[in-house]
Amino acid sequence: MPAVIMPQVKAPFSCLKLHRSAERLLRYCGLSQQELNVLIVNDTQITEINTRWLNRPRPTNVISFPQESPGLMGDIVISADTARREAAEAGITIECRLIELLVHGFVHLLGEDHELGNEAARRMAAREQELISYLLMEGIMADLCINVDHIATIRQARGGNEPDPVVAAGIVELAGADGIVIHLREDRRHIQDRDVRIIREVVKTRLTLEMAATDEMIGIAGEIQPDIVTLVPEKRQELTTEGGLDVVGLEESVTDAVSRLHKHGIPVSLFVDPEDAQIEAAARTGAECIEIHTGRYADAEDRETEDREFEAISQMASKAVDLGLRVHAGHGLNYRNTARVAAISEISEFSIGHAVIARAAITGLDQAVREMLKLVKGMEA
Ligand code: PXP
């Protein structure tokens, strides 16, 4: 990975945020093949470094060390103690200040130096402002969209009204998720047409409709107007979506579906395996986005396979961004394996369903039993 964050102090901040910021800066400046090390230290440590290498026997907020070695952009050392004090003075969070300092150190590594006079200082401040604006515009962290299909699966098991995925969508949004995902399957095994209609009306964030590229589904999408459609392969016997869409084999029909959805004003994402040929074909269809199928990574039975699949996701995410595609990812992500892929800065959105609904069933069970005990035994919850 090109950006390596090394906290030497207990971190009261998100290293993930710093990592994604550093990687986004590298990509924005066309340096994604370069390595950048960011060391987070305390005031004593930065004083030692400042004294030893720059002959300045005092603490400071950030120091940059450009490196001559090929492939290594340099090292940035930041004092978390000074960052915390400066954040308090400016009335901002320590995370914000750390990102400002990262940008400052980064611009130094690009060769700017505010100590070389007024003009140099003005140029450096302008470059920093440009990079901060870029991070703000692009956003640093990935969005989390929750797939509520499994709420509908539980409802369909009894054929009644409960639990209602519409209610679930509301709770998911109130909890802070960035969007709702539903998959209207041709066999209607979980989400129903009525769910899609009502969820479209009530969702205030973003609605992703997953569907097969059929005439019926394209017609429904046109009526419903989701914020984005994700085209997925569908087989009747499968338990869940198995494997990505074969865009290579179906390029003509997928391109046609993408263009019909575009005529309805709907952006399109293609759910694909992390493979070169699929990503290249996806870019040719005119789709705006791909969703990388993370199933092989999530299902890996040993560390070696997991590492290999992780690398494939990371490399294909980078390739897709180079081809002008936005990158989402999902399938099989859970509470153990998500953090690793969340560090891939090219991925701007995660679509997660089963793990969250399964966790909700278990964590909500205690309260559900207590409420029923109250009815049966008159016991206080
Ligand atoms: N993305 C796509 C395209 C899917 O088909 C699914 C499963 O419905 C998911 C993401 C979410 O997968 P999971 O339920 O395993 O989190």
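Bear in mind the structure is a predicted one, so any value in this text is a computation, not a measurement. (Residues numbered from 1 in each chain as written. Predicted model: local features only at pLDDT ≥ 70, side-chain atom pairs only at ≥ 80, totals over all residues. Heavy atoms only, no water.)

Enquirer: What should I look at first to understand the overall build of the protein in this one?
Expert: Helix and strand counts for the protein stand at 16 helices and 12 strands. Considered along the principal axes of its C-alpha atoms, the protein spans approximately 75 × 65 × 40 Å. A buried classification covers 46% of the 381 residues belonging to the protein. Restricting to contacts in the protein with at least 6 residues of sequence separation, those with at least 24 account for 65%. Averaging the locations of the 40 positively and 61 negatively charged side chains of the protein gives two centres separated by 4 Å. (Helix = DSSP H or I, 4+ residues; strand = E, 2+ residues; numbered from the N terminus. Buried < 20%, exposed > 50% of the residue type's maximum accessible area, 1.4 Å probe, protein only. Contact = heavy atoms within 4.5 Å. Lys, Arg positive; Asp, Glu negative; His and termini not counted. Charge placed at Lys NZ, Arg CZ, Asp CG, Glu CD.)

Enquirer: Can you walk me through the domain arrangement of the protein in this structure?
Expert: Accessible area lost upon the coming together of the parts serves often as the stated size of an interface. Here the protein is described as being made up of domain 1 (3-138) and domain 2 (143-377). The centre of domain 1, based on its C-alpha atoms, is set 36 Å off from the matching centre of domain 2. With six residues of domain 1 in contact, the opposing surface of domain 2 contributes 10 residues. The junction of domain 1 with domain 2 conceals about 660 Å² of combined surface from both sides, 36% of it contributed by carbon and sulfur atoms. (Domains from an automatic or database assignment. Buried area = accessible area lost by both parts, 1.4 Å probe.)

Enquirer: Would you take a moment to explain a negative patch on the surface for this structure?
Expert: Together, Asp299, Glu301, Asp302 and Glu304 make up a region of like negative charge exposed at the surface. Here Asp299 lies in the loop between α12 (295-298) and α13 (303-322). (Patch = residues over 30% accessible without salt bridge, like charges linked within 9 Å, V, L, I, M, F, W, Y side chains within 5 Å. Areas by Shrake-Rupley, 256 points an atom, 1.4 Å probe, with all protein chains shown as cover. Salt bridge = Lys/Arg side-chain N within 4 Å of Asp/Glu carboxyl O.)

Enquirer: Which parts of the structure should I look at to understand the sheet that holds strand β4 (residues 72-79)?
Expert: Two pairing modes exist for strands in a sheet, parallel and antiparallel, and in both the strands are linked by backbone hydrogen bonds. Judged by pairing direction, the sheet is mixed, and its four strands sit side by side in the order β1-β2-β4-β3 without closing on themselves. Both outer strands of the open sheet, β1 (3-7) and β3 (62-66), are each paired with one neighbouring strand and no more. Shown here is a sheet whose adjacent strand axes are inclined to one another by a mean of 15°, direction ignored. Bridge count for β3 against β4 is five bridges, and the pairing is antiparallel. (Pairing = 2+ DSSP bridges. Axes fitted to C-alpha atoms, helices over the stretch in contact; angles between N-to-C directions.)

Enquirer: What is the right way to look at the environment of Leu261 in this model?
Expert: By the secondary structure assignment, Leu261 is in helix α10 (residues 251-263). According to the relative accessible area criterion, Leu261 is buried, its value standing at 0%. It is 29 Å that separates the C-alpha atoms of Leu261 and Gln156, two residues lying 105 residues apart in sequence. Once residues within four sequence positions are removed from consideration, Leu261 is found in contact with Met211, Ile218, Ala221, Val229, Leu231, Ile266 and Val268.

Enquirer: Quick question: what am I supposed to make of the pairing of strand β10 (residues 289-293) here?
Expert: Walk down a regular strand and you will see the side chains alternate between the two sheet faces. Taking burial as the measure, the five residues of β10 include five buried ones, the bulk of the element. Here β10 shows a buried face lined by Cys289, Glu291 and His293 and a second buried face lined by Ile290 and Ile292. Taken together, the four bridges between strand β9 (residues 268-272) and β10 define a ladder with parallel strand orientation. Bridge pairing in β10 places Leu270 opposite Ile290. In this fold, the crossover linking β9 to β10 by way of helix α11 (residues 276-285) has right-handed handedness. Note that β10 and strand β11 (residues 326-330) share five bridges and pair parallel. In the strand pairing of β11, Ile290 is matched with Val327. (Right-handed = clockwise from strand over helix to strand, strands pointing away.)

Enquirer: When you look at the packing of helix α4 (residues 94-109) against helix α5 (residues 118-138) in this model, what are you seeing that I'm missing?
Expert: Taken N-terminus to C-terminus, the directions of α4 and α5 make an angle of 130°; their axes are 10 Å apart at the nearest point. Classified by the angle their axes make, α4 and α5 are oblique. The interaxial crossing formed by α4 with α5 has right-handed handedness. Residues Ile99, Glu100, Val103, His104, Phe106, Val107 and His108 of α4 form the contact with α5, whose participating residues are Met124, Arg127, Glu128, Leu131, Ile132 and Leu135. Considering only residue class, the contact of α4 with α5 consists of eight nonpolar, two polar and three charged. (Parallel < 35°, antiparallel > 145°, perpendicular 65-115°, else oblique. Left-handed = near helix turned anticlockwise from the far one by under 90°. Nonpolar A, V, L, I, M, F, W, Y, C, P; charged D, E, K, R; others polar.)

Enquirer: What is the right way to read the pattern of salt bridges from this model?
Expert: Side-chain pairs of opposite charge can arise where the charged atoms are in close proximity. Under the definition given, this model contains 34 salt bridges. Note that Arg127 and Glu130 form a salt bridge whose closest N and O atoms lie 3.1 Å from each other. In this pair, Arg127 and Glu130 are both assigned in helix α5, three residues apart and thus about one turn of the helix distant. Residue Arg127 is classed as partly exposed on the basis of its relative accessible area, which comes to 26%.

Enquirer: Just checking my understanding: could you explain the side chain of Glu173 for this structure?
Expert: Checked against the element boundaries, Glu173 lands in helix α7 (residues 165-174). Lys204 provides the closest opposite charge to the buried, unpaired Glu173, separated from it by 5.7 Å. Separated by 2.8 Å, the side chain of Glu173 and the backbone nitrogen of Lys204 make a polar contact. When neighbours within four sequence positions are excluded, Glu173 is seen to be in contact with Ile180, Val202, Val203, Lys204 and Thr205. (Polar contact = N/O pair within 3.5 Å; in protein donor to acceptor, adjacent residues only side chain to side chain.)

Enquirer: Would you mind showing me how to read the packing of helix α1 (residues 15-28) against α4 here?
Expert: Geometry of a packed helix pair, given as the angle between the helix axes and the separation of the axes. With their axes 10 Å apart at the nearest point, α1 and α4 run at an angle of 30° to one another. One element, α1, and the other, α4, form an angle in the roughly parallel class. Handedness of the crossing formed by α1 with α4: right-handed. Contacts between α1 and α4 involve Lys17, Leu18, Ser21, Ala22, Leu25 and Leu26 on the former and, on the latter, Glu95, Leu98, Ile99, Leu102, Val103 and Phe106. Looking at the contact of α1 with α4 residue by residue, the classes come out as nine nonpolar, one polar and two charged.

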